[in-house]
Amino acid sequence: MFEIPEIVKTARSIIESGNAADFLALDLRKESISSKFTEAAQHDRLTEVIERLGEGGSWIRLSRTQDYNGDYARVLAKLIDEIGIYADRPFRQEVTWATLTVILTSPGISTPFHIDHESNFLFQIQGEKDVCLFDPGDREVLPEIELERFYASSYNTPRYKPELQSHGQIFKLTPGEAVHHPPVAPHWVKNGSNISVSLSISFCMRPLEQRARIYQANFMLRQLRLKPRPPGLSPRRDALKAKLVSALEMPNPKTFQDIVYSPMTRLKSPMQFLKKVSGHRGSA
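Here is what the cut-offs are and how they apply
- Residues numbered from 1 in each chain as written.
- Predicted model: local features only at pLDDT ≥ 70, side-chain atom pairs only at ≥ 80, totals over all residues.
- Heavy atoms only, no water.
- UniProt positions renumbered as here; feature names shortened; annotations may be inferred.
- Helix = DSSP H or I, 4+ residues; strand = E, 2+ residues; numbered from the N terminus.
- 1 Å grid on protein atoms, 1.4 Å probe; cavity = no way out; pocket = protein on both sides within 12 Å on 5 of 7 lines; lining within 4 Å.
- Points joined across faces, edges and corners; volume = space filled by probe spheres on them.
- Salt bridge = Lys/Arg side-chain N within 4 Å of Asp/Glu carboxyl O.
- Buried < 20%, exposed > 50% of the residue type's maximum accessible area, 1.4 Å probe, protein only.

- The chain has the name Cupin-like domain-containing protein in an unreviewed UniProt entry, where Labrys neptuniae is given as its organism.

### Description of the UniProt feature "domain: JmjC" (unreviewed entry) in the chain
Reasoning step 1: Those residues carrying the UniProt feature "domain: JmjC" (unreviewed entry) are residues 78-220 in this numbering.
Reasoning step 2: Structurally, residues 78-220 comprises 25% helix and 37% strand, and the distance from its first C-alpha atom to its last is 40 Å.

### Brief notes about the layout of surface pockets
Reasoning step 1: For the largest pocket, the calculated volume is near 1200 Å³.
Reasoning step 2: What lines the largest pocket is a set of 40 residues, and nearest its centre among them are Arg-61, Ser-63, Asp-116, Glu-118 and Tyr-155.
Reasoning step 3: Every element with two or more residues in the lining of the largest pocket is listed here: strand 1 (23-27), strand 3 (58-62), strand 4 (95-105), strand 5 (110-114), strand 6 (119-126), strand 10 (187-191), strand 11 (196-205) and helix 8 (256-283).
Reasoning step 4: A per-element tally of the lining of the largest pocket places strand 4 first, with five residues.
Reasoning step 5: The volume enclosed by the second largest pocket comes to roughly 200 Å³.
Reasoning step 6: Lining the second largest pocket, in full, are Ile-83, Ala-87, Arg-89, Phe-91, Ser-119, Phe-121, His-180, Pro-183, Phe-203, Met-205, Pro-207 and Leu-208.
Reasoning step 7: Those elements that place two or more of their residues in the lining of the second largest pocket are strand 6, strand 11 and helix 6 (206-223).

### Points about the pattern of salt bridges
Reasoning step 1: By the definition in use, this model includes twelve salt bridges.
Reasoning step 2: Here Arg-74 ties to Asp-71 by a salt bridge, and the two come within 2.6 Å at their closest N and O atoms. Of this pair, Arg-74 and Asp-71 are both found in helix 3 (residues 70-86), three residues apart, which corresponds to roughly one turn of the helix.
Reasoning step 3: Exposure remark for Arg-74: the relative accessible area of 55% places this residue in the exposed category.
Reasoning step 4: Relative accessible area serves as the criterion here: at 32%, Asp-71 is assigned to the partly exposed category.
Reasoning step 5: With a shortest N-O distance of 2.6 Å, Arg-222 and Glu-148 are connected by a salt bridge. Separated by 74 residues along the polypeptide, Arg-222 in helix 6 and Glu-148 in helix 5 (residues 144-151) bring together distant segments of the chain.
Reasoning step 6: Judged by relative accessible area, Arg-222 falls into the partly exposed class, the value being 28%.
Reasoning step 7: Three or more residues are tied together by salt bridges with common partners; here these are Asp-22, Arg-64 and Asp-67.

Here it is, written out as structure tokens:
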């Protein structure tokens, strides 16, 4: 199921569906751990990228594969059930969104340092790679202000600090092994000398969304030149912040963006409108 010809079939289904965001192929030959995903050039020819995967510098991500391939949907459901068995919390009741992502990587390239909102399990299917994880609570590596900006929809905010590399722990993945990425755990990935095929299970959870709302509130408060307290220091303030920002959530969210960023998107729209109107008045 996770051999490259079958993956290509799913990639074609994604491309033909017109959901461009679910297929991403980047050229990372010139990029490094310190780079940003948005700095990399995008490929647009699937066949050419796959044929040259062994010699190129490509990083290919197929998102929401469960929506395009019934076999992948069954794998996702099975893995989520198994995670729930071993979790020491009411896992299934807390999951708000889950997805299965397939990642193909050329030999020797590095995936830039970044964080993800979701909790994640990365399974290695083919090839080898090093995954370097940092403690999500290490505020030298990941300052509060970077988390606030991240949750304000600035995905590229977290910055790699080479002098703090010793704070990370490297896990070498070979076929049949997996590593768990805690939510917002900074990480980078270095591929081995062969083509890599990896499977990623990601899921959002209600406690994570509540924490996101606090960071979004703190971002807005900081724009008013205030110095908000980080989550966890004041339960009453945390609850108030989460409640206020949650009021801006999109009803019946369908996508990851809806779940995590809809309050900021809905808040920005009227603000942008007001700025536009005030600008016209000024010019008049």
